[in-house]
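# Understanding the architecture of this molecule
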Amino acid sequence: IRNNFLHQASTLMVKNHDLIVIEDLKIKNMSKSAKGTIENPGKNVKAKAGLNRSVLNEAWRKFFSYLEYKLKLKGGILIKVDPKHTSQTCIQCGHISKDNRKEQEIFKCVKCGYDAHADVNAAQNILKRAGLARMARQANLNRGRQQEPAEAYNNSTIVV
Ligand SMILES: [Zn+2]
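What comes next concerns the included structure.

Reading the values: rules and limits
- Residues numbered from 1 in each chain as written.
- Predicted model: local features only at pLDDT ≥ 70, side-chain atom pairs only at ≥ 80, totals over all residues.
- Heavy atoms only, no water.
- Core = buried A, V, L, I, M, F, W, Y, C linked by side-chain atoms within 4.5 Å.
- Buried < 20%, exposed > 50% of the residue type's maximum accessible area, 1.4 Å probe, protein only.
- Helix = DSSP H or I, 4+ residues; strand = E, 2+ residues; numbered from the N terminus.
- Contact = heavy atoms within 4.5 Å.
- Phe/Tyr/Trp six-rings, centres within 6.5 Å; stacked < 30°, edge-to-face > 60°.

Moving on, we come to the nonpolar core. Listed in full, the 10 residues of the largest apolar core are Leu6, Val14, Ile20, Ile22, Phe63, Phe64, Tyr66, Leu67, Leu71 and Leu78. Mapped onto this core, the elements with two or more residues apiece are α1 (2-16), β1 (19-23) and α4 (59-74). Counting residues per element, this core draws most heavily on α4, at five residues. In this view, Ile22 contacts Phe64, Leu67, Leu78, Ile79, Lys80, Val81 and Ile126; residues no more than four positions away in its chain are not counted. Grouped together as the second largest cluster of nonpolar side chains are five residues, Ile77, Ile79, Val81 and Ala130 included.

Using the criterion set out here, one finds four aromatic pairs in the structure. For the ring pair Phe63 and Phe64, a centre distance of 6.3 Å and an interplane angle of 45 degrees mean the geometry is tilted. Assessed through its relative accessible area of 14%, Phe64 is described here as buried. Grouped by ring-pair contacts, the aromatic residues Trp60, Phe63 and Phe64 constitute a single cluster.

This part takes up unusual backbone geometry. Of note, His85 is a non-glycine position whose phi angle comes to about 65 degrees, a positive value. By the element assignment, His85 lies in the loop between β2 (77-81) and β3 (106-108). Looking at His85, the relative accessible area reads 34%, which means it is partly exposed.

The following block contains the structure:
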């Protein structure tokens, strides 16, 4: 049932979009033990254990791989961007702070006051990062690959 859902959802996304941008989630890191160590015990162990379970289900990994091969078949583009601070960065002014997101769903920039649904703000950051990664790659190609792209975008992968 889960595979069927993942296929239907990925097929629908690929059918309606030629370009899809995702966070390059480090699944192994996300599934690290929530218990931590004796010196450094984990927080929210119960919640993280639930997250671990779902991550270990590999649903996300499968979903992303389905997106990737279906986009390839269609000739679309998948861009994976570095997920660092995408949910804490203000899309309006660029200020990065944990305090920008005190609640799960609400983003409110402590510097400029911009507010939005937290997922929308994060999605806009992801899209912006993809655009920058693509520009950096293009600049790199123009230079004949003699120089590495800007470090900030090294962690982004463009899968064509
Ligand atoms: Zn701001």
